[in-house]
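Given next are the chains, with one letter for each unit.
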There are 2 protein chains.
Amino acid sequence: MRATVYQGTGDVRVENVPDPVIKQPTDAVVRITHACICGSDLWFYRGLDNWKPGWRTGHEWMGIVEEVGSEVRNIKKGDRVLAPFAFSDGSCEFCGKSLQTSCVRGGFWGGESNDGGQAEAIRAQFADGTLVTIPKEVENDDAILTKILPLTDVMSTGHHAAISAGVRQGGTAAVIGDGAVGLCGVLAAKRLGAERIIIIGRHEDRLDIARRFGATDVVKSKDQQAVDEVLEITKGGAESVLECVGTESSMDNAISITRPGGAIGYVGVPHGSETINLSHMFFSNITLRGGVAPARAYIPELLDDVIAGKIDPSPVLDLTVDLNGVPSGYAAMDKREAIKVMVRP
Amino acid sequence: MRATVYQGTGDVRVENVPDPVIKQPTDAVVRITHACICGSDLWFYRGLDNWKPGWRTGHEWMGIVEEVGSEVRNIKKGDRVLAPFAFSDGSCEFCGKSLQTSCVRGGFWGGESNDGGQAEAIRAQFADGTLVTIPKEVENDDAILTKILPLTDVMSTGHHAAISAGVRQGGTAAVIGDGAVGLCGVLAAKRLGAERIIIIGRHEDRLDIARRFGATDVVKSKDQQAVDEVLEITKGGAESVLECVGTESSMDNAISITRPGGAIGYVGVPHGSETINLSHMFFSNITLRGGVAPARAYIPELLDDVIAGKIDPSPVLDLTVDLNGVPSGYAAMDKREAIKVMVRP
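The name given to chain A in an unreviewed UniProt entry is Zinc-dependent alcohol dehydrogenase family protein, and the organism recorded there is Aetokthonos hydrillicola Thurmond2011. We quote the UniProt Sequence similarities (unreviewed entry) comment for chain A here in full: "Belongs to the zinc-containing alcohol dehydrogenase family."

1. So, the overall build of chain A
Along its length, chain A carries 12 helices and 18 strands. For 345 residues, the compact-globule estimate of 2.2 N^0.38 gives 20 Å, and chain A sits close to it at 20 Å. C-alpha extents for chain A along the principal axes are approximately 60 × 40 × 35 Å. In chain A, which comprises 345 residues, the share counted as buried stands at 61%. Of the contacts made within chain A by residues no fewer than 6 positions apart, 68% connect residues no fewer than 24 positions apart. On chain A, roughly 12,700 Å² of surface is accessible, and the fraction owed to carbon and sulfur atoms is 45%. Computed over 35 positive and 45 negative side-chain charges, the separation of the two mean positions in chain A equals 2 Å.

2. Here we look at the UniProt feature "domain: Alcohol dehydrogenase-like N-terminal" (unreviewed entry) in chain A
The UniProt record annotates "domain: Alcohol dehydrogenase-like N-terminal" (unreviewed entry) at residues 25–127 of chain A. A helix fraction of 10% and a strand fraction of 29% characterise residues 25–127 of chain A, whose end C-alpha atoms lie 10 Å from each other.

3. Some remarks on the nonpolar core
One recurring pattern in soluble globular proteins is that nonpolar side chains are buried together. Judged by nonpolar contacts, the single largest core of 150 residues is most densely connected at A:Leu288 and B:Leu288. Sequence-distant contacts of B:Leu288, that is, excluding residues within four places in its chain, are made with A:Leu278, A:Met281, A:Ile286, A:Thr287, A:Leu288, B:Met251, B:Ile264, B:Tyr266, B:Ile276 and B:Met281.

4. Some words on the interface of chain A and chain B
In this assembly, 38 residues from chain A lie in contact with 38 residues from chain B. Taken as a group, A:Leu278, A:Phe282 and A:Asn285 account for 22% of the area that chain A buries against chain B, more than any other trio of residues on that side. Between B:Glu93 and A:Arg259 there is a salt bridge, and its shortest N-O distance comes to 2.7 Å. Here chain A and chain B share 16 residue pairs in polar contact (both at pLDDT 80 or more) between them. Taken together, the elements giving at least two residues each to the side of chain A that touches chain B come down to α2 (93–96), β14 (258–266), β15 (274–276), α10 (278–283) and β16 (287–290) of chain A. Ranked by the residues each element gives to the side of chain A that touches chain B, the list is headed by α10(A), at five residues. Note that β15(A) and strand β15 (residues 274–276) of chain B share three bridges and pair antiparallel. Considered in β15(B), the bridge of A:Ile276 is made with B:Glu274.

5. What to know about empty space enclosed by the protein
One simple way to see leftover space: roll a probe sized like a water molecule over the atoms. The full count for this structure, using the stated rule, is two cavities of 30 Å³ or more. Here the largest cavity is characterised by a volume of approximately 40 Å³. In terms of lining residues, the largest cavity is bounded by A:Pro84, A:Phe85, A:Ala86, A:Phe87, A:Ser88, A:Gln100, A:Thr101, A:Ala293, A:Pro294, A:Ala295 and A:Arg296. Residue assignment for the lining of the largest cavity shows that the elements contributing at least two residues are β6 (86–87) and α11 (295–307) of chain A. Grouping the constituent residues of the lining of the largest cavity by class yields seven nonpolar, three polar and one charged. What the second largest cavity holds in volume is close to 30 Å³. If you go around the second largest cavity, the residues you meet are B:Pro84, B:Phe85, B:Ala86, B:Ser88, B:Gln100, B:Thr101, B:Ala293, B:Pro294, B:Ala295 and B:Arg296. Across the lining of the second largest cavity, the residue classes tally to six nonpolar, three polar and one charged.

Thresholds applied
- Throughout this document, residue positions are counted from 1 along each chain, in the order its sequence is written.
- As they are written, the chains are lettered A onward and the ligands numbered 1 onward, keeping that order.
- Only residues with pLDDT of 70 or above have their local features reported here, since the model is predicted, and side-chain atom pairs are shown and tallied only from 80 upward, although totals for entire chains, interfaces and linings are computed over all residues.
- The basis for the side-chain values is all heavy atoms of the structure; hydrogens and waters are excluded.
- UniProt positions are given in the numbering used here, feature names are shortened, and annotations may be inferred rather than shown by experiment.
- To qualify as a helix, a DSSP run of H or I must reach at least 4 residues; to qualify as a strand, a run of E must reach at least 2; elements of each kind are numbered from the N terminus.
- When we talk radius of gyration, it's over C-alpha atoms, and the globule rule is simply 2.2 Å times the number of residues to the 0.38.
- Under the scheme applied here, a residue whose accessible area is under 20% of the maximum for its type counts as buried, over 50% as exposed, and between as partly exposed, the area being computed with a 1.4 Å probe on protein chains only.
- Note on contacts: a residue pair is in contact if any heavy atoms of the two residues lie within 4.5 Å.
- In this description, accessible areas are obtained by the Shrake-Rupley approach with a 1.4 Å probe, and a residue is regarded as covered only by the protein chains that are shown.
- Residues scored as positive are Lys and Arg, those scored as negative are Asp and Glu, and His as well as the terminal groups of each chain are ignored.
- Note on charges: their place is set at NZ of Lys, CZ of Arg, CG of Asp or CD of Glu.
- By nonpolar core we mean a set of buried residues, namely Ala, Val, Leu, Ile, Met, Phe, Trp, Tyr and Cys, connected to one another through side-chain atoms within 4.5 Å.
- Accessible area that two parts lose when put together, evaluated with a 1.4 Å probe and summed over both, is termed the buried area.
- We define a salt bridge as a side-chain nitrogen of Lys or Arg found within 4 Å of a carboxyl oxygen belonging to Asp or Glu.
- Any N or O atom pair separated by 3.5 Å or less is treated as a polar contact, with the protein-specific requirement of one donor-capable and one acceptor-capable atom, and with residues adjacent in sequence counted only for side-chain atom pairs.
- Pairing between two strands is assigned when DSSP locates at least 2 bridges connecting them.
- Grid points spaced at 1 Å over the protein atoms alone were grouped into cavities, where a 1.4 Å probe fits but cannot get out, and pockets, open sets with protein on both sides within 12 Å along at least five of seven lines, with lining residues defined by an atom within 4 Å of a point.
- Grid points are joined across faces, edges and corners, and a volume is the space filled by probe spheres set on the points.
- Ten residues, namely Ala, Val, Leu, Ile, Met, Phe, Trp, Tyr, Cys and Pro, are considered nonpolar, four, namely Asp, Glu, Lys and Arg, are considered charged, and the remaining ones, Gly among them, are considered polar.

And the structure:
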């Protein structure tokens, strides 16, 4: 089959690789129908992660089950499924606590050891613990499938930011970042009932989506000016701040715009240690909560809402490519010509 | 009257100062009967805070009300009262949210602008919002008053660490630091029902108090060795970690010993920005929560429990001095010859 393979900075290629096969009795083999390119893929694409040539790419995917191992009970051949960006056994302490990203036998798609989703097919570990079946009544509705696709990562991650920031009915949320995750954070905050939602971003096309998703205020300035504007709008800070970028300066800004007693839900992937203004956090009792989103825990409720027509995160997918187009999709996201790319193998 | 005044590094003096008077109609003047020297006082004593000669000292105190301003309604002359280490108006947004340390008109005792508690008397701002009256039936019981005294700061702060760390009935808590706050953190974790309480400290006399307060495990090693031991005892980390020191390395250790999905309750005063391992926190979804304790919110319930004989934090007070003895009390704490000093003016 063909799959996308990292070959070096700025260099991903669609190559012929061995067909996936069942290796463990808990595996499934899934034919990919939809995948995405993620903002976090740009880290290795730009040479900022320690990736090695030959590693597979893509952690957001949906497809149709072709084969299951002998111990798989809940997933059947022919099922239309989606996967969270991490696999998990469904049975360990952390899976039991809805923190499947800390599963003791879990891992992430792609990279050194696992198949990636930007491919024709994939070996999916722990099929029962990981995959979520899409209900039969919508499994061939392409419009709905596109709306479901962002649940594999960005919508679940935006939701995790909102949950971690303690967004509440009638509350005020500020969202830092107008990438796909930030936009989904706006949608998640709206879904949880926030009355006022401020987005801090700089790209007019993205901010338009933010407004459609429920943003009531848009702040387009940078750094201290943006901080000052949010403090002015909120008269002293937002009780819930969604940090959806993952740089030291975005975290600084998040701390500066959080109301005393409030919480930052952070989901932008940090890269190592960071210097943060702990003194400010301390004297204002600001909580820092979040991390890698346990998408597997959130997908069922979000899926229900997508199918019921309550939420539609698909506007973040503004470019579609086929498998051969994956390298150009990376380039488009790298140049910020696309928010997020959908891949239809 | 006489009051303790900071004069320079390692130099506090008991000096004659003007008697306190009512300046605002919400003030009270209180004759101090009990005060403490705090571990956090050692910061300025050691020249590590930006203190200026002439500033008053002492933020932990109890006493008898001598006079109240015309707008004071709930506190009366003759009342025996205790004060949290911060004053607060009792009426702003943050006081209403039980976060009195962020009161928009509040502040801390001592320092540049306010009277300190290591003195014969004090002008107490916002008497109604700040002071808590000790019930008549125990107001002259000296043994009980000594048990109540730590509620002004260290017991409330230890409780804040435990609350912030999400200590729960039957749970596991690890407490970093065997100072007065860490010891009170143990007592607070026990009070909240933790089944296993691990203290990390190095002073045998203090660890003995920790055991009396409910510690089930004692780790006396340092740094990575201590981390390894806690990870071994807990088989992968404690769900609740109370960081009661406030240095970068203690925060590092706290992050390293927190179980995925767990929380660090931090109450050790940070001094500026700190570099923390955000990456580790991110991939384990560790929450960082806490800060300066809203003691005013906690004192009523803790006071009830002290009077009912359910908790007794007074063993942390292992040296008593009179007002003239305050400088020697600072020296004893600086040399770690005392855990915490009680002052009886």
